[in-house]
Amino acid sequence: MELLVEPVIPGANATFFYDGNQDLTGAKWIVLDIYNDHPNGFSLNLVLQATDNWNWLQTESYWITPGAHKVVFYVGHINEHFNDVRRVNVNWWFNQETKTESSLFIDNIYMIK
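Cut-off values and rules
- Residues numbered from 1 in each chain as written.
- Predicted model: local features only at pLDDT ≥ 70, side-chain atom pairs only at ≥ 80, totals over all residues.
- Heavy atoms only, no water.
- Salt bridge = Lys/Arg side-chain N within 4 Å of Asp/Glu carboxyl O.
- Helix = DSSP H or I, 4+ residues; strand = E, 2+ residues; numbered from the N terminus.
- Buried < 20%, exposed > 50% of the residue type's maximum accessible area, 1.4 Å probe, protein only.
- Pairing = 2+ DSSP bridges.
- Axes fitted to C-alpha atoms, helices over the stretch in contact; angles between N-to-C directions.

(A) Focus on the pattern of salt bridges. Scanning all chains against the criterion turns up 4 salt bridges. In this structure, Arg87 and Asp19 form a salt bridge, with 2.6 Å as the shortest nitrogen-oxygen distance. Placement of Arg87 in strand β8 (residues 85-94) and of Asp19 in strand β2 (residues 13-22) is noted, with a sequence separation of 68 residues between them. For Asp19, a relative accessible area of 39% gives the class partly exposed. Asp84 is the salt-bridge partner of Arg86, the closest N and O atoms lying 2.7 Å from each other. Exposure remark for Arg86: the relative accessible area of 21% places this residue in the partly exposed category. The class for Asp84 is buried, based on a relative accessible area of 19%.

Laid out in structure tokens, this is it:
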């Protein structure tokens, strides 16, 4: 999946999401293969929204430099509502201004129990 990033100012953020009922019961890690075509690094985390109440389940953030990465988000501490995840958000924040368009490529999203 290619996510297009337009020019940004410091402090800007972007969110891309997948909607669909997911049962992540027993998951310990969620893994994303990422290629950052952006000239600067950025902070990246996952937010899972669950149940009809849209409970907010958030991972810690990781600093992603330009290039290829395998990012492993620990989710073993999140036990509530994991059987009814409704949305998976990929969030990132930019600390530096960028004047050109770039892309973030995400591939091979999977969970490890």
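Right, picking up where we left off after that structure.
(B) Focus on the sheet that holds strand β7 (residues 67-74). Read across the sheet, 4 strands follow the order β1-β9-β3-β7 without closing on themselves; strand pairing throughout is antiparallel. Two strands lie at the open edges of the sheet, namely β1 (2-5) and β7, each paired on one side alone. Each neighbouring strand pair of the sheet contributes to a mean axis angle of 25°, computed without reference to strand direction. Of the pairings in the sheet, the one linking strand β3 (residues 29-36) to strand β9 (residues 102-112) comprises 7 bridges and is antiparallel in character. Paired with Trp29 across the two strands is Ile112, which belongs to β9.

(C) Representation of the pairing of β9 within the structure. Strand direction decides the pairing type here: β1 and β9, joined by 4 bridges, are antiparallel. Opposite Leu4, over in β9, you have Ser103 as the bridge partner.

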